[in-house]
Amino acid sequence: MSANKVLFGFHAVGVRLKIAPASVIEVLYDPTRRDARMKAFLERAREAHVRLIEADSLRIAKLAGSHGHQGVAARVLAVPSARSLDELLERLEAAGSAGSAGSAVNPSSLSNPSISSSSSSLSAALAGGGSDLADPAPTTPPHPSPAPEGRSASTQPLLLVLDGVTDPHNLGACLRVADGAGVHAVIAPKDHAAGINATVAKVASGAADTVPYFMVTNLARTLGELKERNIWVVGASDQASKTLYQTDLRGPLALVLGAEGQGMRQLTSKSCDALVRIPMHGAVESLNVSVASAICLYEALRQRG
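Residues numbered from 1 in each chain as written. Predicted model: local features only at pLDDT ≥ 70, side-chain atom pairs only at ≥ 80, totals over all residues. Heavy atoms only, no water.

## Focus: the overall build of the chain
Across its full length, the chain carries ten helices and ten strands. Buried residues in the chain amount to 51% of all 305 residues. Taking the intrachain contacts of the chain between residues at least 6 apart in sequence as the baseline, contacts between residues at least 24 apart amount to 82%. Carbon and sulfur atoms make up 51% of the accessible area of the chain, which totals about 14000 Å². (Helix = DSSP H or I, 4+ residues; strand = E, 2+ residues; numbered from the N terminus. Buried < 20%, exposed > 50% of the residue type's maximum accessible area, 1.4 Å probe, protein only. Contact = heavy atoms within 4.5 Å. Areas by Shrake-Rupley, 256 points an atom, 1.4 Å probe, with all protein chains shown as cover.)

## Describing the UniProt feature "binding site: S-adenosyl-L-methionine" (unreviewed entry) in the chain
Here, UniProt's "binding site: S-adenosyl-L-methionine" (unreviewed entry) annotation points to Gly-258, Ile-278 and Leu-287. For the residues just named, distributed over 30 residues, the greatest C-alpha separation is only 13.2 Å, placing them together at one site. Residues that both appear in the annotated list above and line the largest pocket are Gly-258, Ile-278 and Leu-287. Examined against the element boundaries, Ile-278 turns out to sit in the loop between strand 10 (274-276) and helix 10 (289-304). Taking the relative accessible area as the measure of exposure, Ile-278 reaches 18% and is therefore buried. The residues contacting Ile-278, other than those within four sequence positions of it, are Leu-287, Ala-292, Ile-295 and Cys-296. Within the element layout of this structure, Leu-287 appears in the loop between strand 10 and helix 10. Every residue in contact with Leu-287, bar those within four places of it in the chain, is listed here: Glu-260, Ile-278, Met-280, Ala-292 and Ile-295. (UniProt positions renumbered as here; feature names shortened; annotations may be inferred. 1 Å grid on protein atoms, 1.4 Å probe; cavity = no way out; pocket = protein on both sides within 12 Å on 5 of 7 lines; lining within 4 Å.)

## Digging into the layout of surface pockets
One number sums up the size of the largest pocket: a volume of about 460 Å³. Lining the largest pocket are 25 residues, with Ala-236, Ser-237, Asp-238, Gly-263 and Ser-286 sitting closest to its centre. Each residue belonging to the lining of the largest pocket can be placed in one class, and the counts come to ten nonpolar, ten polar and five charged. (Points joined across faces, edges and corners; volume = space filled by probe spheres on them. Nonpolar A, V, L, I, M, F, W, Y, C, P; charged D, E, K, R; others polar.)

## Some remarks on the sheet that holds strand 3 (residues 51-54)
Consider a sheet: its strands pair through backbone hydrogen bonds, and that pairing is either parallel or antiparallel. Taken in spatial order, the four strands line up as 1-4-2-3 in an open sheet, and their pairing is mixed. Whereas interior strands pair on both sides, the edge strands pair on one side only; in this sheet they are strand 1 (4-8) and strand 3. In this sheet, adjacent strand axes meet at a mean angle of 20° when their direction is disregarded. As defined by bridge partners, strand 1 adjoins strand 4 (residues 72-77) across five bridges and the pair is classed as antiparallel. Residue Asn-4 lies in a different strand from strand 4, and its bridge partner there is Leu-77. Contacting strand 2 (24-29), strand 3 and strand 4, helix 2 (residues 36-47) crosses the sheet at an angle of about 155° to strand 2. (Pairing = 2+ DSSP bridges. Axes fitted to C-alpha atoms, helices over the stretch in contact; angles between N-to-C directions.)

## Some thoughts on unusual backbone geometry
If you check the backbone angles, His-192 has positive phi at about 60° while not being a glycine. In this structure His-192 comes out as exposed when scored by relative accessible area, which is 54%. Positive phi values are uncommon outside glycine, yet Ser-205 reaches one of about 55°. Mapped onto the elements of the fold, Ser-205 is located in the loop between helix 7 (198-204) and strand 7 (213-216). A relative accessible area of 14% places Ser-205 in the buried class.

## Some words on helix 1 (residues 10-19)
Of all ten residues that make up helix 1, seven are buried, and the element is covered over most of its length. Within the span of helix 1, buried status applies to Phe-10, Ala-12, Val-13, Gly-14, Val-15, Arg-16 and Leu-17. For helix 1, the elements touching its buried residues are strand 1, strand 2, helix 2, strand 4 and helix 7.

## A closer look at the sheet that holds strand 8 (residues 232-236)
Here six strands make up an open sheet; going across it, the order is 7-6-5-9-8-10 and the pairing parallel. A strand with exactly one partner marks an edge of an open sheet, and here the two such strands are strand 7 and strand 10. When strand polarity is set aside, the average angle formed by the axes of neighbouring strands in this sheet is 25°. As defined by bridge partners, strand 8 adjoins strand 9 (residues 253-258) across four bridges and the pair is classed as parallel. Its bridge partner being in strand 9, Trp-232 is matched across the sheet by Leu-253.

## A look at the pairing of strand 2
Taken residue by residue, a regular strand's side chains alternate between the two faces of the sheet. Summarising burial for strand 2: five of the six residues are buried, a large majority. In this sheet, strand 4 lies alongside strand 2 in antiparallel orientation, the contact comprising five bridges. Residue pairing in the sheet places Val-24 in a bridge with Val-76 of strand 4. With four bridges connecting them, strand 2 and strand 3 associate as parallel partners. Paired with Leu-28 across the strands is Ile-53, a residue of strand 3. Following the backbone out of strand 2, through helix 2 and into the adjacent parallel strand 3, one traces a crossover that is right-handed. (Right-handed = clockwise from strand over helix to strand, strands pointing away.)

Put into structure tokens, the structure is as follows:
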């Protein structure tokens, strides 16, 4: 049976009411807040036939674990998601085959949203041992980049990999960026990474419900699996010789970013097909990981047209 979870804030709860209203058990709201935003929120909740409970700000804060709840919090059920990264990628491949036959594919139909973390299942070929890790390759993908004629570009895998991002606010911001860019999944290691919690969901403004988040046991091995699926793995590093804008990002792609300051771990960096850097022209040496994610993802979208 699915465990109950807590969401708080207008965006996080509002998105859940929009995409999976049946999963909302009850909503607590502060009746002393009577502004237009609260009225619109309550109207949406009533239309979804969700149980509404009046509660003071302290009670809502206790449930949410935060005073930044904006006067609303909800108890919800976890929404079923793709059980593994492999399953999600197989859905993408199947959708790509359908797209090549002339069918338009909606990216949101490829996987169910999840607020919980899942582990990627490893292929049988890799389960028995580690994959060979090649040095970074030239910045031309080893596969055809443009989407095939008649195939929806949304079926070309676009993944965001976060290595060592432990701050829940940064993870929430990255999920929000990933949702905006149409990313199919965000991947992180089980160790040295933030998991999904109420703070992440609040900062993500609902994106924790729409972007699958997979926490994997061995990140380098998972990157090897992605390469076996013909997904080009590109890491962001300030040590790279070529910039993001000199690199072809049009094909199946996994963008890898490390925590601000520390960057990617050495093994993660060696697991990438190519390394790129974001040009920096000022005094600061690095960007926040969510900002860097946005720059990289939207450059990939620009190239894909």
